[in-house]
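Okay, here's what each chain looks like letter by letter:
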Amino acid sequence: MRWRFILFVFLVIGPIGCGERPREQTGGPLVITHVTVIDATGKAPARNMTVVIRDGHIAAIDSTIEVPTNATVIDGTGKFLIPGLWDMHGHFTDATEAAFPLLIENGVTGVRDMGGELAKVDGWRKEIADGTRIGPHIVRCGPILDGPTESKHHVVVNNPAEAVHAVDSLKQVGVDFIKVHRNMSRETYFALMEEARKIGIPVAVHLPSTVTAQEASQAGAKSLEHIEMLVASAAYQVGPSAKRVVDVLPVITGAAGDSIFATFVKNNTYYVPTLVAYERGFVLWGSDTTKVAGRARVQGHHLRLVTAMHRAGVPIMAGSDFSDWALVAGVDLHNELALFVEAGFTPMEAIQAATIKPATFLEMQDSLGTIEVGKIADLVLLDADPLEDISHTRKIRAVVVGGRMVPVMELRSRFTDPHS
Ligand SMILES: [Zn+2]
């Protein structure tokens, strides 16, 4: 199993990058010359720029800067610079530390961890902060709060009082947000949201099966997770007659959909569709071709829902749901961006869904999310223009994390099977 995983990873990530090994960094600044900067603010690309990185931050971006003599220089001629990417839905406890090098070499410099063992995640987070481990910025929720369930990493809250207690305790231990899950009862959900609002902690919501998306948003959900949960909550709304996706479409598409999405916009509720996770599920595990075709049709509805949501102005973020199954940390974020473009995003909008949108959502837009002077230097250097073709975000030459040039080739070699 482990061998197969390694081989799988090798096959998937093998063709990416293949640049020369970055030079050792001296005490001086890191400078990328003659590069096209796609800053993710939405501005047109700036060609032939020199980007100076000092003390972990972007010190200058200009076309007329003289390169300091003590600088480590990367020639960016013919290359493109985008901000480091965020995966807004991942699970480190399940993916284990194997995820870190994969994320970094695929340009993912930030992750929102959506549930797992807090102590474990915090241990890794500390190693990253100390510089003993190379990894992304992590925001995390610790355990998932849910109704009756046996799922791992879920803490069961049976009633409003237990929910209030759990939210207070988690806030006290310092989690960044609360994650709510599917089996929670309506009254418990609303009590939890009220408490979270009172004490000022954001809540990410995997829709409970008895709460509609509109209700969840009105109650203050900061983000909603997985596009198929919009369909599932619509099934609750429609009732027992809802047997197939087409039965619930009337309450989430057309004018009804517009009303739901207007509510999201009004409340600034973000959506993280994780389209790639749904797709991977049916591609890998479908042995019954009729079933596979059916699920492909459902995915078509998902894409159209994302299109409608995006047109309505709902802020949408990229997340892969990497964990311990068939999703590959880092790699699959690029697949999610491609699916966004399939759903009608421009490549710039897809990049923004993994950069400026997450930074704004996390209230970190002053230090992350774009390429601007003063921000933390999380950068991805590409060999081809991602605005021309979103798949070019995979053509990674180099990654800079917190101003540190990461030896991408060295990371990659750890995944090369010596016997292959
Ligand atoms: Zn998840």
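Residues numbered from 1 in each chain as written. Predicted model: local features only at pLDDT ≥ 70, side-chain atom pairs only at ≥ 80, totals over all residues.

Some details on the overall build of the protein chain
If you tally the helices and strands in the protein chain, you get 16 helices and 17 strands. Viewed in the frame of its principal axes, the protein chain has a C-alpha envelope of about 70 × 50 × 45 Å. Put simply, the protein chain has 420 residues, and 49% of those count as buried. Counting contacts in the protein chain only where the partners sit at least 6 residues apart, residues at least 24 apart contribute 69% of the total. (Helix = DSSP H or I, 4+ residues; strand = E, 2+ residues; numbered from the N terminus. Buried ≥ 20, exposed ≤ 12 C-beta atoms within 10 Å, placed from the backbone. Contact = placed C-beta atoms within 7 Å.)

Here we look at the domain arrangement of the protein chain
The domain boundaries assigned to the protein chain delineate domain 1 (2-83 + 368-413) and domain 2 (85-361). Computed from C-alpha coordinates alone, the two centres of domain 1 and domain 2 are separated by 28 Å. Secondary-structure elements contributing two or more residues to the side of domain 1 that touches domain 2 are helix H1 (2-13), strand S5 (80-83), strand S16 (396-401) and helix H16 (408-413). Across the side of domain 1 that touches domain 2, the residue classes tally to 17 nonpolar, six polar and three charged. (Domains from an automatic or database assignment. Nonpolar A, V, L, I, M, F, W, Y, C, P; charged D, E, K, R; others polar.)

With respect to the environment of Thr-393
In this fold, Thr-393 is placed in the loop between strand S15 (379-382) and S16. Thr-393 sits in the buried class, given 24 other C-beta atoms within 10 Å. Measuring from C-alpha to C-alpha, the distance between Thr-393 and Asn-335 comes to 9.9 Å, with 58 residues separating the pair along the chain. Leaving out residues up to four positions away in the same chain, Thr-393 has contacts with His-334, Leu-337, Leu-382 and Pro-386.

Brief notes about the nonpolar core
Counting 123 residues, the largest nonpolar core has Val-51, Leu-81, Ile-178, Leu-192, Val-203 and Val-400 as the members making the most contacts within it. Structurally, this core is a two-domain feature, drawing no fewer than three residues from each of domain 1 (2-83 + 368-413) and domain 2 (85-361). If near-sequence neighbours (up to four positions away) are discounted, Leu-192 is found in contact with Leu-145, Ala-163, Val-167 and Val-180. (Core = buried A, V, L, I, M, F, W, Y, C linked by C-beta atoms within 7 Å.)

Overview of helix H10 (residues 254-267)
Over its 14 residues, H10 extends 20 Å from the first C-alpha to the last, a length consistent with the 20 Å expected when each residue adds 1.5 Å. On the buried face of H10, the contacting elements are helix H7 (213-218), helix H9 (245-252), strand S14 (270-272) and helix H12 (289-311). (Expected span 1.5 Å × (residues − 1).)

Concerning the sheet that holds strand S8 (residues 137-140)
Across the sheet, which stays open at both edges, the three strands sit in the order S6-S7-S8 with parallel pairing between neighbours. Whereas interior strands pair on both sides, the edge strands pair on one side only; in this sheet they are strand S6 (85-90) and S8. Sheet twist, expressed as the average angle between the axes of neighbouring strands with direction ignored, equals 15 degrees. Judged from the four bridges that link them, strand S7 (residues 108-113) and S8 form a sheet pairing that is parallel. Paired with Asp-113 across the two strands is Arg-140, which belongs to S8. (Pairing = 2+ DSSP bridges. Axes fitted to C-alpha atoms, helices over the stretch in contact; angles between N-to-C directions.)

Some remarks on the packing of helix H8 (residues 228-238) against H9
How two helices pack is summed up by the angle between their axes together with the distance between the axes. Closest axis-to-axis distance for the H8/H9 pair is 9 Å, and the angle between their directions is 90 degrees. Considering the angle they form, H8 stands roughly perpendicular to H9. Within the contact between the two elements, H8 uses Leu-230, Val-231, Ala-234, Ala-235, Gln-237 and Val-238 and H9 uses Val-245, Asp-247, Val-248, Val-251 and Ile-252. Class assignment of the residues belonging to the contact of H8 with H9 gives a composition of nine nonpolar, one polar and one charged. (Parallel < 35°, antiparallel > 145°, perpendicular 65-115°, else oblique.)

Side note on the packing of H9 against H10
It is at 5 Å that the axes of H9 and H10 come closest, and there the two elements cross at 60 degrees. As summarised for this structure, H9 and H10 are arranged oblique, according to the angle between their axes. Where H9 approaches H10, its residues Pro-250, Val-251 and Ile-252 are matched on the opposing element by Ala-256, Gly-257 and Ile-260. For the contact of H9 with H10, a count of residues per class yields five nonpolar, one polar and no charged.

Side note on the environment of Leu-337
Along the polypeptide, Leu-337 turns up in helix H13 (residues 331-342). For the pair Leu-337 and Met-348, spaced eleven residues apart in the sequence, the C-alpha separation amounts to 10 Å. In contact with Leu-337, not counting residues within four places along its chain, are Ala-318, Ala-350, Ala-354, Ile-390 and Thr-393.

A short note on unusual backbone geometry
Here the phi dihedral of His-153 falls at roughly 70 degrees; this positive angle occurs in a residue that is not glycine. Relative to the helices and strands, His-153 resides in the loop between strand S9 (144-146) and strand S10 (154-156). Backbone geometry at Asn-268 places phi at a positive 55 degrees, although glycine is not the residue there. Looking at where Asn-268 falls in the secondary structure, it is placed in the loop between H10 and S14. For Asn-268, a count of 13 C-beta atoms within 10 Å corresponds to the partly exposed category.

Digging into the confidence of the model for the protein chain
As a general rule, the predicted coordinates of low-pLDDT regions are not to be interpreted in detail. The pLDDT averaged across the protein chain works out to 90; a share of 90% of its residues lies at or above 70. When the criterion is pLDDT under 50, residues 416-420 qualifies, and its contacts beyond four places in sequence or with other chains add up to five contacts. (pLDDT = per-residue confidence, 0-100.)

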